[in-house]
Amino acid sequence: MLAGRILRSLSGLAATAVVGGLCAATLVRLAPGFDVDEREFDSRLNDASRHAIHESRSGERNLGRFYVHYLAGIVRGDFGVSHSLRRPVRELLAERSPVTLRLVAWGLAFGWTLGSGLAIAAWRIRAVDLLSGVLFAVLLSVPAAVLGLAVLFAGAGRSLAIGLVVLPKVFTYTRSLIAKASASPHVVLARAKGAGEVRILAWHIGPALAPELFSLAGISISLAFGAAIPMEAVCDIPGLGQLAWQAALGRDLPVLVILSLLLTVITMLANGVADTVTDRLGMESGA
Amino acid sequence: MRSIALALLGLVFAAALIPQAWAPASYQTQFRDSPNAPPSARFPLGTDDLGRDRLSRLIYGTRVSLLLSVAAAFLATLIAAIAGAAAAWLGGWWDRMFLTATDLSLALPWLFLLLTVRATLPLDVAPTTSIFVTFALLGLVGSAGPARVVRAGARSLRSADFALQGRACGTPGLRLLIVHLLPNLKPVLVSQFLLSIPLFILSEANLGLLGLGVAEPMPSWGNLIRDLESYSAVAANPWMIAPAVLLVMVVIALQVAVRTQELTV
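Note that the structure is a prediction, hence the values are computed from the model and not measured.

A. Region of interest: the overall build of chain A. Regarding its fold elements, chain A presents 11 helices and 0 strands. Traced from its N-terminal end to its C-terminal end, chain A shows the element sequence α-α-α-α-α-α-α-α-α-α-α. By residue count, 37% of the 287 residues in chain A fall in the buried class.

So this is what it looks like as structure tokens:
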């Protein structure tokens, strides 16, 4: 049953990723000025050279043919060549993925550790609840790019900015889940029987929250990748976010398509794993 | 708390609606004898490197960002209402197509989706065109989330007593949808509209900072905040952070007002 579910999720994931990539390719292909290469404006080139440059992109004019060739290339491990950076996309991804993954991983670790820790503290200490509420209302109102600039100017670690985007969401959601769970009958009964607060949290509230926290974990991964784009662009971090921004400005079709595919797969995989774990935990707890 | 938030919003919206009444100068007037001037009685927030009055640009920029966000939220809610209600009402393939399209849209990070779609549109457009492009883009791309919420609401209403009775009486589907279903979705639509406004303000700011928002010389919070990219300039002229402070205050006020409104809905 679980294997069937995983298989269905994976086929859905593959289909959505392919359609997502096709949509990105269609949008970029239909954009005005798509087939214009800035090298064509170089006054030193003669007509033959300009014609050769123009023809070098002829394979991309037929969208269907481009996409079929492109998908076949991906299967072979060939992701095409970036027009704006004039380098194989595979090389660019290999260089930049670790930077973004490190940034996102540290940001998520920071956001989740502090967010869930503060949510637990706020559950018992009123002052922490009030202060965190005010602080995170402000953080939620600051554009991600401005947070990135603030962290850059403060000389702090860049992943702190990603953490600051994730942190308020984790805190707010976890705090409300704890409040809801602590009012449920089994927790009230445990408290009436004299169980300590740590035991109540670890044995009664924690397991009840696990499924919903896994769902939030899936969403926060997408959130962190989204925040990485402005962060890397304004802080000049050579990661996938900066690559996405440069590709968007340069209408770099191969880069945009592969990034759409990659981000769709990462987001859907994270949400799929979170959903499967949530279902398993829900079944085990008899919910 | 809510009354303070509403008072602030009222003040900012009033300033935004008639900027000519408050702004000391036009947003594009260049005082060439006073570039990079510090705050003074003549220029309360100083001037930028082209000698343009920062306060005037902030007031005009507030109009662009606020009205653009409200208009984009309206567009997103309108699209969400039509698409979500139609998908729930028609069911079958329409519903499945709707779900696939919104899944796809929601699978990608919001800002990446905005960047990709914005990149497909001309980048060197006239300032007024760039306002329209940004507004349409936010409204269109931002409608996926609200549409899913509207669909869920419409599906539950589809099997409600009044809908069943309407069908039994032979009321045509379109009339049922427009006259009976949509008015019952009003609370959902209002809350989605209100929740979208701060989201779009923040998105416009991010797009502006990345150089993909409203084009110069037209000011908006996004392109005014772009001045913050230079640390040395900000350190020497701390009043340059005024647009960011105003943006944060307005978004907090909107969140306070919306949360209270949501509780009453």
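B. Layout of helix α10 (residues 240–250) of chain A. All names here are of chain A. Counting buried positions along α10 gives 8 out of 11 residues, so the element sits mostly inside the fold. All of the buried residues in α10 are L240, G241, Q242, L243, A244, W245, A247 and A248. Looking at the residues trailing α10, positive phi occurs at R251, about 50°.

C. Broad picture of the environment of A16 of chain B. Residues and elements named next belong to chain B. Along the polypeptide, A16 turns up in helix α1 (residues 2–17). Sequence spacing of A16 and V149 is 133 residues, and the spatial spacing of their C-alpha atoms is 31 Å. Setting aside residues no more than four positions away along its own chain, A16 makes contact with T62, R63, L66 and L67.

D. Representation of the confidence of the model for chain B within the structure. In this model, chain B carries a mean pLDDT of 85, and residues with pLDDT of at least 70 account for 97%. Of all the helices and strands in chain B, helix α5 (residues 110–119) of chain B carries the lowest mean pLDDT, 78, while helix α3 (residues 54–90) of chain B carries the highest, 91.

E. The arrangement of unusual backbone geometry in detail. For the bond from E216 of chain B to P217 of chain B, the omega torsion is 5°, close enough to zero to count as cis. Positive phi, normally seen in glycine, also occurs at R86 of chain A, with a value near 55°. Tracing the sequence through the fold places R86 of chain A in the loop between α3 (63–76) and α4 (89–124). Despite not being glycine, D236 of chain A has its phi angle at roughly 55°, a positive value. Structurally, D236 of chain A can be placed in the loop between α9 (197–235) and α10.

F. Representation of the interface of chain B and chain A in the model. Listed by partner, the interface residues are 30 residues for chain B and 39 residues for chain A. Counting only elements with at least two residues in the side of chain B that touches chain A, the list comes to α4 (92–107), α5, α10 (186–209) and α13 (242–264) of chain B. The biggest single contributor to the side of chain B that touches chain A is α5 of chain B, with 8 residues. Class assignment for the residues of the side of chain B that touches chain A results in 23 nonpolar, 4 polar and 3 charged.

G. Layout of the packing of α4 of chain A against α9 of chain A. All names here are of chain A. Closest axis-to-axis distance for the α4/α9 pair is 10 Å, and the angle between their directions is 145°. Along this stretch, α4 crosses α9, giving a crossing that reads as right-handed. In this structure, α4 uses T100, L103, V104, G107, L108, G111, I120 and R124 to contact α9, whose residues at the interface are E197, L201, S220, I221, A224, F225 and A228. Looking at the contact of α4 with α9, its residues break down into 9 nonpolar, 4 polar and 2 charged.

H. Representation of the packing of α10 of chain A against α5 of chain B in the model. In the contact formed by α10 of chain A and α5 of chain B, the axes pass within 8 Å of each other and the chain directions differ by 20°. As summarised for this structure, α10 of chain A and α5 of chain B are arranged roughly parallel, according to the angle between their axes. For α10 of chain A against α5 of chain B, the interelement crossing comes out left-handed. Each of A244, W245, A248 and L249 of chain A in α10 of chain A lies in contact with α5 of chain B, whose residues at this interface are F112, L115, T116, R118 and A119 of chain B. Its residues assigned to classes, the contact of α10 of chain A with α5 of chain B comprises 7 nonpolar, 1 polar and 1 charged.

I. Inspection of the nonpolar core at higher detail. I162, A224, A228 and A244 of chain A together with L115 of chain B are the most contacted members of the largest nonpolar core, which has 139 residues in total. Considering every element that reaches this core, the biggest residue donor is α3 of chain B, with 16 residues. Residue contacts for I162 of chain A: discarding those within four places in its chain leaves L103, V104, G107, A224, A227, A228 and M231 of chain A.

J. Structural detail: the environment of Q30 of chain B. Relative to the elements of secondary structure, Q30 of chain B occurs in the loop between α2 (19–22) and α3. Excluding residues that lie within four positions of it along the chain, Q30 of chain B makes contacts with L50, G51 and R52 of chain B.

K. Spotlight on the environment of P88 of chain A. Looking at the element boundaries, P88 of chain A is found in the loop between α3 and α4. Looking at P88 of chain A, the number of C-beta atoms within 10 Å reads 15, which means it is partly exposed.

Quick notes on the rules
- Residues numbered from 1 in each chain as written.
- Chains lettered and ligands numbered in written order.
- Predicted model: local features only at pLDDT ≥ 70, side-chain atom pairs only at ≥ 80, totals over all residues.
- Helix = DSSP H or I, 4+ residues; strand = E, 2+ residues; numbered from the N terminus.
- Buried ≥ 20, exposed ≤ 12 C-beta atoms within 10 Å, placed from the backbone.
- Contact = placed C-beta atoms within 7 Å.
- pLDDT = per-residue confidence, 0-100.
- Nonpolar A, V, L, I, M, F, W, Y, C, P; charged D, E, K, R; others polar.
- Axes fitted to C-alpha atoms, helices over the stretch in contact; angles between N-to-C directions.
- Left-handed = near helix turned anticlockwise from the far one by under 90°.
- Parallel < 35°, antiparallel > 145°, perpendicular 65-115°, else oblique.
- Core = buried A, V, L, I, M, F, W, Y, C linked by C-beta atoms within 7 Å.

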